Amino acid sequence: MGRGDRPELVSPPDIYYGETEASKYTSNSRMIAIQAALTNRALELLALPADGRPRLLLDLGCGSGLSGDALTEAGHHWVGTDIASAMLDVARARGVEGDLLRGDLGHGLPFRPGTFDGAVSISAVQWLCHADTSASDPRKRLRRFFESLYACLARGARAVLQIYPDGPDQAALLVGAAMRAGFGGGLVVDYPHSTRAKKHYLVLMVGGGGGDGGYGAGDAVPDALDGGSDEEEAAV
């Protein structure tokens with residue numbers, strides 16, 4: 001995704017995703033396929049126990065529920081939160097099976113400690129790196145988000161956040177904020193040599209190490225996907 005394709009550089013999410021954009025986004029067959037593929041990869045990285053028991057997952061920046069559809073299809077229960085009212089209205093109209101909550105991730109998450117067995121986010125968390133007003137401080141917003149995310153996850157749980165960082169500095173900002181909140185883990189970059197299929201996943205683990213260095217003690221960051229030419233990879 002190039003800088004010219006980045007909605008976070010245009011306007012705040014609750015403004016950008018108004019009624020027209022929310023409807024257009026949700027009815028786009030290519031976007032539906034992309035969301036499904038990214039969410040399924042996030043579930044793979046979440047590495048939930050293969051015991052057939054449904055888990056309670058948190059979908060951060062759930063939008064109109066396209067990612068939630070994949071969570072439901074995988075057999076899990078979920079709660080979705082998003083700042084864009086129009087997106088949540090579309091999700092409700094579609095009859096998604098998750099519970100929906102409007103909220104700003106940068107204000108922190110309003111859930112009890114240890115509530116969720118895992119969390120996913122598709123193409124949302126990078127919005128926190130942009131100041132919508134002169135009073136907004138991205139570093140403070142990231143701190144509130146990651147600290148509250150850490151708190152509401154069960155011990156040993158993971159969060160997998162698919163992001164579109166605008167460069168190495170922004171990726172480092174996100175990783176550093178997560179590690180300072182107590183997470184272990186790190187950044188997984190699928191198809192790192194591809195211009196079309198390259199995808200970033202911040203894989204975070206509760207109960208690992210902390211500090212700005214990255215991976216927590218005892219945590220094994222999952223392997224990234226790799227491939228040959230762009231034509232051999234899913235360009236999502």
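My aim in this report is to walk through the structure given alongside it, one point at a time. Remember, predicted model here, so these are calculated numbers, not experimental data. (Residues numbered from 1 in each chain as written. Predicted model: local features only at pLDDT ≥ 70, side-chain atom pairs only at ≥ 80, totals over all residues. Heavy atoms only, no water.)

Below, the discussion takes up the packing of aromatic side chains. Tallied over the entire structure, the rule returns 4 aromatic pairs. Taken together, a centroid distance of 6.4 Å and an interplanar angle of 80° make the contact between Phe146 and Phe183 edge-to-face. Remark: Phe183 occurs in the loop between α7 (168-180) and β6 (184-190) and Phe146 occurs in helix α6 (residues 138-152); sequence separation between them is 37 residues. As far as the burial class goes, Phe146 and Phe183 line up, both buried. On the basis of an interplanar angle of 75° and a centroid distance of 5.0 Å, the ring pair of Tyr150 and Phe183 is categorised as edge-to-face. With Tyr150 in helix α6 and Phe183 in the loop between α7 and β6, the pair connects residues that are 33 residues apart, well separated along the chain. You can call Phe183 buried: its relative accessible area is 0%. By the ring-pair criterion, three or more aromatic residues cluster together here, those being Phe145, Phe146, Tyr150 and Phe183. (Phe/Tyr/Trp six-rings, centres within 6.5 Å; stacked < 30°, edge-to-face > 60°. Helix = DSSP H or I, 4+ residues; strand = E, 2+ residues; numbered from the N terminus. Buried < 20%, exposed > 50% of the residue type's maximum accessible area, 1.4 Å probe, protein only.)

Packed helices, taken two at a time, are described by the angle their axes make and the gap between the axes. It is the contact of α6 with α7, at a shortest axis distance of 9 Å, that shows an interaxial angle of 45°. Here α6 is positioned oblique relative to α7, judged by the angle of their axes. Seen from above, α6 lies across α7 with right-handed handedness. Contact with α6, carried on its side by Arg139, Leu142 and Phe146, involves Leu173, Leu174, Ala177 and Ala178 of α7 and no other residues of that element. Within the contact of α6 with α7, the residues separate by chemical class into 6 nonpolar, no polar and 1 charged. (Axes fitted to C-alpha atoms, helices over the stretch in contact; angles between N-to-C directions. Parallel < 35°, antiparallel > 145°, perpendicular 65-115°, else oblique. Left-handed = near helix turned anticlockwise from the far one by under 90°. Contact = heavy atoms within 4.5 Å. Nonpolar A, V, L, I, M, F, W, Y, C, P; charged D, E, K, R; others polar.)

We now examine the packing of helix α3 (residues 29-46) against helix α4 (residues 66-73). Interhelical geometry of α3 versus α4 gives an angle of 50° and a closest axis separation of 8 Å. The angle between the axes of α3 and α4 places the two elements in the oblique class. You can see that α3 and α4 cross each other, and the crossing is right-handed. Judged by residue contacts, Met31, Ile32, Gln35, Thr39, Asn40 and Leu43 of α3 engage Leu66, Ser67, Ala70 and Leu71 from α4. For the contact of α3 with α4, the class distribution of residues is 6 nonpolar, 4 polar and no charged.

Next up on the list: the side chain of Thr26. Tracing the backbone shows Thr26 in helix α2 (residues 19-27). Here the side chain of Thr26 touches Ser64 through a polar contact of 2.7 Å, side chain to side chain. Contact partners of Thr26, with chain neighbours within four places excluded, come to Ile32, Ser64, Leu66, Val90 and Arg94. (Polar contact = N/O pair within 3.5 Å; in protein donor to acceptor, adjacent residues only side chain to side chain.)

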